[in-house]
Amino acid sequence: MIQPLLQDDAFLADVRQTWALDRDRPRGDFHLWWLGQSGFLLAWQGHHLMLDPYLSDSLTRKYAGTEKPHVRMTERVIAPERLDFIGVTTSSHHHTDHLDAETLIPLMKANPEMALVIPEANRALAAERLGVAPAWPIGLDDGQTLDLAGFRFTAVASAHENVDRDASGRCKYLGYVVQFGTWTIYHSGDTVLYDGMVEKLRRWSIDVALLPINGRDARRGVAGNLDAAEAVALAKAVGVRLIIPCHYEMFQFNTVSPETVATEATKAGQPCQVLKCGERWSSSRLQRPTER
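Summary of the structure given here. Predicted model only: the values in this text are computed from it and were never measured. (Residues numbered from 1 in each chain as written. Predicted model: local features only at pLDDT ≥ 70, side-chain atom pairs only at ≥ 80, totals over all residues. Heavy atoms only, no water.)

## Points about the sheet that holds strand 11 (residues 208-212)
Here is step 1 of the chain: One open sheet accounts for 6 strands, arranged 7-8-9-10-11-12; its pairing is mixed. Each edge of the open sheet carries a strand with a single partner, namely strand 7 (145-148) and strand 12 (242-246). Along the sheet, successive strands turn relative to each other by an average axial angle of 20°, direction set aside.
Here is step 2 of the chain: Bridge analysis of strand 8 (residues 151-157) against strand 9 (residues 174-180) gives 6 bridges, and the strand direction is antiparallel. Bridge pairing links Ala 155 to Tyr 176 in strand 9.
Here is step 3 of the chain: Along the sheet, helix 6 (residues 228-238) contacts strand 11 and strand 12; its crossing angle with strand 11, the most-contacted strand, is approximately 155°. (Pairing = 2+ DSSP bridges. Helix = DSSP H or I, 4+ residues; strand = E, 2+ residues; numbered from the N terminus. Axes fitted to C-alpha atoms, helices over the stretch in contact; angles between N-to-C directions. Contact = heavy atoms within 4.5 Å.)

In structure tokens form, the structure reads like this:
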């Protein structure tokens, strides 16, 4: 099994090191850690955001002995209850690796003031799964914007594999454009390309895009995502400064080699940073947006 680059105590020590680093060198930089699958931790000026965390073995247990076993490839980075400094967490859609009760309930207990941002279309399901009042999660729909915990979130429709809507026309799958300070990132959640997607995203100057690369294969029996070439093409068309790929090396039946995106990015001249699970990337490695 793959061991995260930073795990447990070492992971927490690295997060805490950035607090001191930013205090001593207050440039307004931010830090991203890949938590596996589509999960990320973002730290910026004392604010902490988690994007689609999956930090349990719930799916491995659920599908054990079935025709679709979710055999883990990578060890868990950290137990969610140890992350007691989170201000806001997102869920892009209802699939368990993006809305996991065994991750989110311990996070909620460790962070009583934490907010949870979800697609409005998933409100009832999220409340039932997490055992919370239906009014508690904060719901967004395509095009809606919210300022929360130091971040501005704008929801952008995703297609997994279609732009599915509920009976009220609200999108079941979302990505989030997140703005803070002079920075803008885009976390697509699970998605494929769809008509109008590039035009939606071009309204922002996106510094970092967090994009899935596992692609589509009907034999897997699950909805598909962008493949490496499509992720690169999307970023190139939108003008994204850097891709960080995700959604691979979690489950044996649904993964690809990260070398595929590195190869495609090199061919296209698209900056790309492949992270190991548990690894940190810091925005000091990019030119400051105000210096463009």
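## Considering the packing of aromatic side chains
When we look at a pair of aromatic rings, we describe it by the centre distance and by the angle of the planes.
Here is step 1 of the chain: Under the criterion given, the structure shown has 10 aromatic pairs.
Here is step 2 of the chain: On the numbers, 6.3 Å between centres and 55° between planes, the contact of Trp 44 with Phe 151 is tilted. A residue pair is termed long-range when its members are at least 10 positions apart, and Trp 44 in strand 2 (residues 39-44) and Phe 151 in strand 8 qualify at 107 residues. Of the two residues, Trp 44 and Phe 151, neither departs from the other in class, the shared state being buried.
Here is step 3 of the chain: Taken together, the ring pairs connect Phe 30, Trp 44, Phe 151, Phe 153, Phe 180, Trp 183 and Trp 281 into an aromatic cluster. (Phe/Tyr/Trp six-rings, centres within 6.5 Å; stacked < 30°, edge-to-face > 60°. Buried < 20%, exposed > 50% of the residue type's maximum accessible area, 1.4 Å probe, protein only.)

## Overview of the pattern of salt bridges
Pairing is possible between side chains of opposite charge, provided their charged atoms come close.
Here is step 1 of the chain: Scanning all chains against the criterion turns up 11 salt bridges.
Here is step 2 of the chain: Across the pair Arg 61 and Glu 102 runs a salt bridge, and its minimum N-O distance is 2.2 Å. Residue Arg 61 is found in helix 2 (residues 58-62), and its partner Glu 102 is found in helix 3 (residues 101-110); the two are separated by 41 residues along the sequence.
Here is step 3 of the chain: Classification of Glu 102 by relative accessible area gives partly exposed; the value is 39%.
Here is step 4 of the chain: Note that Arg 170 is salt-bridged to Asp 166, the shortest N-O span being 2.8 Å.
Here is step 5 of the chain: The class for Arg 170 is partly exposed, based on a relative accessible area of 28%.
Here is step 6 of the chain: Taken together, the salt bridges that share partners define one network made up of Glu 120, Arg 123, Asp 166 and Arg 170. (Salt bridge = Lys/Arg side-chain N within 4 Å of Asp/Glu carboxyl O.)

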